[in-house]
Every structure is written in C-alpha cells, then in structure tokens.
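Coordinates in review
Chain by chain, the residues run as shown.
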Amino acid sequence: MPGEIYVVMTGNDNELWPECLERNFVAMGFDTPYFDAWHGGDYDAYLALEYAAATTGTPDADIKARATLWFNRATRLRESVGDLWLHRDGAALYWAETVDAPPVFDPLSDKVIIAKPTTNWSKRNRKTVALGWDSIHPKAKDYLAPSRPCFMSPTAT
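This structure is a prediction, so every number in the text was calculated from the model and none was measured. (Residues numbered from 1 in each chain as written. Predicted model: local features only at pLDDT ≥ 70, side-chain atom pairs only at ≥ 80, totals over all residues. Heavy atoms only, no water.)

Details of the overall build of the protein chain
So the rule is basically this: Here a strand is any run of E in DSSP of at least two residues, a helix any run of H or I of at least four, and the numbering for each starts at the N terminus. The size measure is the radius of gyration over C-alpha atoms, and the globule rule it meets is 2.2 Å times the number of residues to the 0.38 power. A 1.4 Å probe rolled over the protein chains alone gives each residue an accessible area, and that area as a share of the maximum for its type sets the label: buried under 20%, exposed over 50%, partly exposed in between. A contact between two residues is defined here by any heavy atoms of the two lying within 4.5 Å. Residue exposure ignores everything except the shown protein chains as possible cover, and the areas themselves are Shrake-Rupley values with a 1.4 Å probe. Charge assignment in this entry is limited to Lys and Arg as positive and Asp and Glu as negative, and neither His nor the chain termini are counted. We put the charge of a Lys on NZ, of an Arg on CZ, of an Asp on CG and of a Glu on CD.
When helices and strands are counted, the protein chain shows five helices and seven strands. Counting helices and strands in the order they occur from the N terminus, the protein chain gives β-α-β-α-α-α-β-β-β-β-α-β. For a compact globule of 157 residues, the expected C-alpha radius of gyration is about 15 Å, and the protein chain comes in at 16 Å, within 12% of that figure. When the backbone C-alpha atoms are referred to their principal axes, the protein chain occupies close to 50 × 30 × 30 Å. Sorting the 157 residues of the protein chain into buried and exposed places 40% on the buried side. Sequence-distant contacts, at least 24 apart, represent 63% of the contacts inside the protein chain between residues at least 6 apart. Looking at the protein chain as shown, the accessible area adds up to about 8,800 Å², and 53% of this sits on carbon and sulfur atoms. Looking at charge distribution, the protein chain has the averaged site of its 16 positive side-chain charges lying 9 Å from that of its 21 negative ones.

And the structure:
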C-alpha cells in the first residue's frame, strides 16, 4: 500500500511527461544553482537564491515559504518509496508507485532534472479497468485537478 498519494505535473508545462512515461520515473526540474544548493543540503544558499530572484516588495514570509516548499518537494521526491503518483494527460489518468532505487539527476540545458524511478505508468486500475477522466467520480476530480499547476500536490490519504 502506498505511503502518500501525490498529483503530479512533470516540469514546467508538463515538459518532462513524455520522458517520465517512457523511462518510468516521476521528475521535477531545478535551475542549476537551485539544484546545487538543494543537492548540497544548503537551505540557506537555496533561500538566498529565492531572495535574489524575488521581485521588489515581495514579503519575506512569501519568499521563505516558496524556498521551503520547493526545497522540501525535491527532498520528498528523492526519498519517495512506495508512494502513489497520479498524472492526468488529457482524458487519461495515469498512476505509478515509486520504487526503492536511487534518484536520477540528469542535466537538461540550464536545469537539472531530479527523477525518482517508478513502476510502469499505467492508465488502468489493478483490475485492468481503464482510468479515464470522464469515468472517475466527480468529487475525485476536485482532488486530482489542483487549482494551480504544481509539480506535486499531496492529497489526503
């Protein structure tokens, strides 16, 4: 049974989804300086990058919240084992579970992709019934369609 359930978009505008589907992983991307700070476990350096990128007048609390959110999301992804990940692609709903394997760090242009291996992505439930957006309960759609795009959004378990 999964530990947590996440709704995931893979990269900006889902740019990583085709590769996630093909290579069986869930992923997010960080600009290289952010990745270096996160990978080094240096939250203060990560926070400094957020401060430098913030627009004038952004409240300190907002900057710190954003830094904490993304720093922790990458950590949660790296450490994920047995978590259930859900992804909507058009009318299809896919799911996969993270496996006990080391994360993958792949350079991509000026970013580094943080990826965690998963089981094969499936658009069928365990009884082999197709999972389509139109076939799920309307209340489930509220949980599976975040109000704003995000890389991963924990859902209630």
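Side note on helix α4 (residues 60-79)
Threshold: Helices are assigned an expected span. That span is 1.5 Å times one less than the residue count.
Here α4 is 20 residues long and its end C-alpha atoms lie 28 Å apart, about the 28 Å a rise of 1.5 Å per residue gives. Where α4 is concerned, the buried positions are I63, A67, W70, F71, R73, A74, T75 and L77.

Here we look at the pattern of salt bridges
Basically, it comes down to this: We define a salt bridge as a side-chain nitrogen of Lys or Arg found within 4 Å of a carboxyl oxygen belonging to Asp or Glu.
All told, the structure shown has six salt bridges when counted by the stated rule. For K111, the salt bridge is made with E15, and the minimal N-O distance between the two is 3.6 Å. Here the residue K111 occupies a position in strand β6 (residues 111-117), and E15 occupies one in the loop between β1 (5-8) and α1 (17-23), the gap between them amounting to 96 residues. In this structure E15 comes out as partly exposed when scored by relative accessible area, which is 43%.

Some points on the packing of aromatic side chains
Where we set the bar: Each Phe, Tyr or Trp ring (for Trp, its six-membered ring) is paired with any other whose centre lies within 6.5 Å, and the angle between the two planes then decides the class: stacked below 30 degrees, edge-to-face above 60, tilted in between.
Inspection of the entire model under this criterion finds eleven aromatic pairs. Taking 6.3 Å as the distance between ring centres and 75 degrees as the angle between the ring planes, the aromatic pair formed by F30 and W38 counts as edge-to-face. Neither residue differs from the other here; F30 and W38 are each classed as buried. A centroid spacing of 5.8 Å and a plane angle of 50 degrees characterise the contact between F35 and W38, whose relative ring orientation is tilted. In this pair, F35 and W38 both sit in helix α2 (residues 32-39), three residues apart, roughly one turn of the helix. The burial state of F35 is the same as that of W38; both residues are buried.

Here's the deal with the layout of surface pockets
In plain terms, the rule: Whether a set of points on the 1 Å grid over the protein atoms alone is a cavity depends on a 1.4 Å probe fitting there but being unable to get out, while an open set qualifies as a pocket with protein on both sides within 12 Å along at least five of seven lines; lining residues are those with an atom within 4 Å of a point. Grid points are joined across faces, edges and corners, and a volume is the space filled by probe spheres set on the points. All residues other than Ala, Val, Leu, Ile, Met, Phe, Trp, Tyr, Cys, Pro, Asp, Glu, Lys and Arg, Gly among them, are scored as polar; the first ten of these are nonpolar and the last four charged.
The computed volume of the second largest pocket comes to approximately 200 Å³. Surrounding the second largest pocket, ten residues form its lining, I5, L84, L86, L93 and L144 being those nearest its centre. Classifying every residue of the lining of the second largest pocket gives nine nonpolar, one polar and no charged.

Concerning the sheet that holds strand β5 (residues 104-108)
Applicable threshold: Here a strand pair is declared whenever DSSP counts at least two bridges between the two strands. Axis lines are fitted through C-alpha atoms, for helices just across the contact stretch, and the angle between N-to-C directions can take any value from 0 to 180 degrees.
The three strands are arranged β2-β6-β5 in an open sheet whose pairing can be described as antiparallel. Strands at the two margins of the open sheet, each flanked by one partner only, are β2 (25-31) and β5. Going across the sheet, the axis of each strand differs from the next one's by a mean of 25 degrees, ignoring polarity. Alignment of β2 against β6, held across seven bridges, turns out to be antiparallel. In the strand pairing of β6, A27 is matched with A115. Sitting on the sheet, α2 touches β2, β5 and β6, and the angle it makes with β2 is about 110 degrees.

Quick word on the nonpolar core
What counts, and what does not: Nonpolar cores are built from buried Ala, Val, Leu, Ile, Met, Phe, Trp, Tyr and Cys residues. Side-chain atoms within 4.5 Å join them into one set.
Within the largest apolar cluster, 31 residues are counted, with the highest numbers of intra-cluster contacts made by F30, W38, Y46, I114 and W121. Those elements giving two or more residues to this core turn out to be β1, α1, β2, α2, α3 (43-53), α4, β4 (92-97) and β6. With six residues, α4 is the single largest residue contributor to this core. Sequence-distant contacts of F30, defined by excluding residues within four places in its chain, comprise F35, W38, Y46, W70, A74, D110, K111, V112 and I114. Formed by eight residues, the second largest nonpolar core is a distinct cluster that contains V7, L84, L86 and W95.

Function-wise, these values are silent; they only describe arrangement.
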